Amino acid sequence: MCSRVRQVLLVTVAVVPMVAAWAGGEVVRAPSFMIESTARQRVVAVLGFSIHCPDLVAREWSLAVAAAPELPSQSHVKTTLTPTGVAVREAGALNRGMLTLRLPVKKKDDSTRLSVQVTYEATLHARTLRPAAGGEAGKPLRLSSADRERFTAERGDCDFKHERFKKWLKDEGLQRGRDEGDLDFARRAFLTLRQKLTYEYRDEMDRKASTVCFDGKSDCGGLAGLLVAVLRSNGVPARTLYGRWAQSAVPNDRINQTPYYQWHVKAECFADGVGWVPMDLSAGIVFDRSAEGLRFFGQDAGDFLTFHVDTHLQVNSGLFGLQTISNMQGPAWWAAGQGSTKPVRIEQSWSVKAEPQK
């Protein structure tokens, strides 16, 4: 789910040489770039989550939450589940971190309701893609072969082998040129999609890339996922970042009548020699009115907390075997017992405290 995107403070981040291109039979070297990264703030974010099923008599509850990962955008990350959860890994290809909880019901009141609290702590980094000045040496950043395979694979909503997607890709001219570098192609793809797509949020949405390219519109998750699919289909490693803004929820804030708790989805692509480059396509579509159109390409204000990368987590429910969860911007939960989990009332809160980094 996406939201209105907060105004971004543009800060600098690091990148290295772009791949050389051909001009008149001679190799012309593109300028060197780097990602400049600055620790912006230390945040403690608390997610309160309560489930109430009045027609259920549960004998046991099971719950899982995403454990925030270490990324270029966030470091010194800690995730805590209350009641105490167990640290595990999901069964998917990315082996993403989780905290799980199983609670046998001991009191009658607990048979219809469950309340938990998830605390995320992280140092968030502002990043900016910029030309490298003379004498600045970037690290020789390269992805491992395993990570390159993971982040160029067709998986989850990133269904770039679908015939409809392949036809659309060709029709839009979004096929990488023979001498087009990772960063050059990523920038071109970002600008093309920004110009051609529309932001739209609805309660029920198909965010598969093959659907979004056909519809020409989606929310932040669908738009970010389509950009990632375009890049992966052309051999550029890319990933979606699912999480929430590092800002407390605003009382009574809604999107299309749906209560809004700062959910958002961004993306990153990897350029050899540069590293992971931040991209926020939905923000570019909704907010960027600049002539260049790159305000949200290569810019990360350090105000977003990522819960996990990519979609379709393979989670052991503890009660009903392995379950596929599209995304985990909030807890996934299950109950075993009698009665029905419908109707269900879910209440949540999102409170963030931040301390600027000195």
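The following paragraphs examine the structure supplied in this document. (Residues numbered from 1 in each chain as written. Predicted model: local features only at pLDDT ≥ 70, side-chain atom pairs only at ≥ 80, totals over all residues. Heavy atoms only, no water.)

**Section: the overall build of the chain**
Reasoning step 1: For the chain, the count of helices and strands is six helices and 21 strands.
Reasoning step 2: Counting across all 358 residues of the chain, residues that qualify as buried make up 53%.
Reasoning step 3: Once local pairs closer than 6 in sequence are excluded, the contacts in the chain between residues at least 24 apart make up 74%.
Reasoning step 4: About 16500 Å² of surface is accessible on the chain, with carbon and sulfur atoms providing 50% of the total. (Helix = DSSP H or I, 4+ residues; strand = E, 2+ residues; numbered from the N terminus. Buried < 20%, exposed > 50% of the residue type's maximum accessible area, 1.4 Å probe, protein only. Contact = heavy atoms within 4.5 Å. Areas by Shrake-Rupley, 256 points an atom, 1.4 Å probe, with all protein chains shown as cover.)

**Describing the nonpolar core**
Reasoning step 1: Counting 54 residues, the largest nonpolar core has Trp61, Leu81, Tyr120, Leu305, Val315, Met328 and Trp350 as the members making the most contacts within it.
Reasoning step 2: With seven residues, the single largest contributor to this core is strand E4 (residues 56–66).
Reasoning step 3: Dropping the residues within four chain positions of it, Met328 is found in contact with Ala64, Val65, Ala66, Met98, Phe307, His308, Leu313 and Val315.
Reasoning step 4: Judged by nonpolar contacts, the second largest core, of 44 residues, contains Val228, Val274, Met279 and Ile285. (Core = buried A, V, L, I, M, F, W, Y, C linked by side-chain atoms within 4.5 Å.)

**A word on the packing of aromatic side chains**
Reasoning step 1: Under the criterion given, the structure shown has ten aromatic pairs.
Reasoning step 2: Ring geometry for Phe151 against Trp276: centres 5.5 Å apart, planes inclined by 85 degrees, an arrangement best described as edge-to-face. Linking Phe151 in the loop between helix H1 (145–150) and helix H2 (163–171) with Trp276 in strand E15 (residues 275–279), this pair joins segments that are 125 residues apart in sequence. As far as the burial class goes, Phe151 and Trp276 line up, both buried.
Reasoning step 3: Here Phe270 and Trp276 contribute two aromatic rings whose centre-to-centre distance is 5.3 Å and whose plane-to-plane angle is 70 degrees, an arrangement assigned as edge-to-face. Across the pair, Trp276 and Phe270 agree in class, each one buried.
Reasoning step 4: Through a chain of ring-to-ring contacts, three or more aromatic side chains come together here, namely Tyr120, Phe307 and Trp350. (Phe/Tyr/Trp six-rings, centres within 6.5 Å; stacked < 30°, edge-to-face > 60°.)

**With respect to the sheet that holds strand E20 (residues 332–339)**
Reasoning step 1: If you walk across this open sheet you meet the four strands as E6-E7-E4-E20, and the pairing is antiparallel. Bordering the open sheet on either side are strand E6 (86–89) and E20, each of which pairs with just one other strand. With direction set aside, neighbouring strand axes in the sheet form an average angle of 25 degrees.
Reasoning step 2: Taken together, the four bridges between E6 and strand E7 (residues 97–104) define a ladder with antiparallel strand orientation. Bridge pairing in E7 links Ala87 to Leu99. (Pairing = 2+ DSSP bridges. Axes fitted to C-alpha atoms, helices over the stretch in contact; angles between N-to-C directions.)

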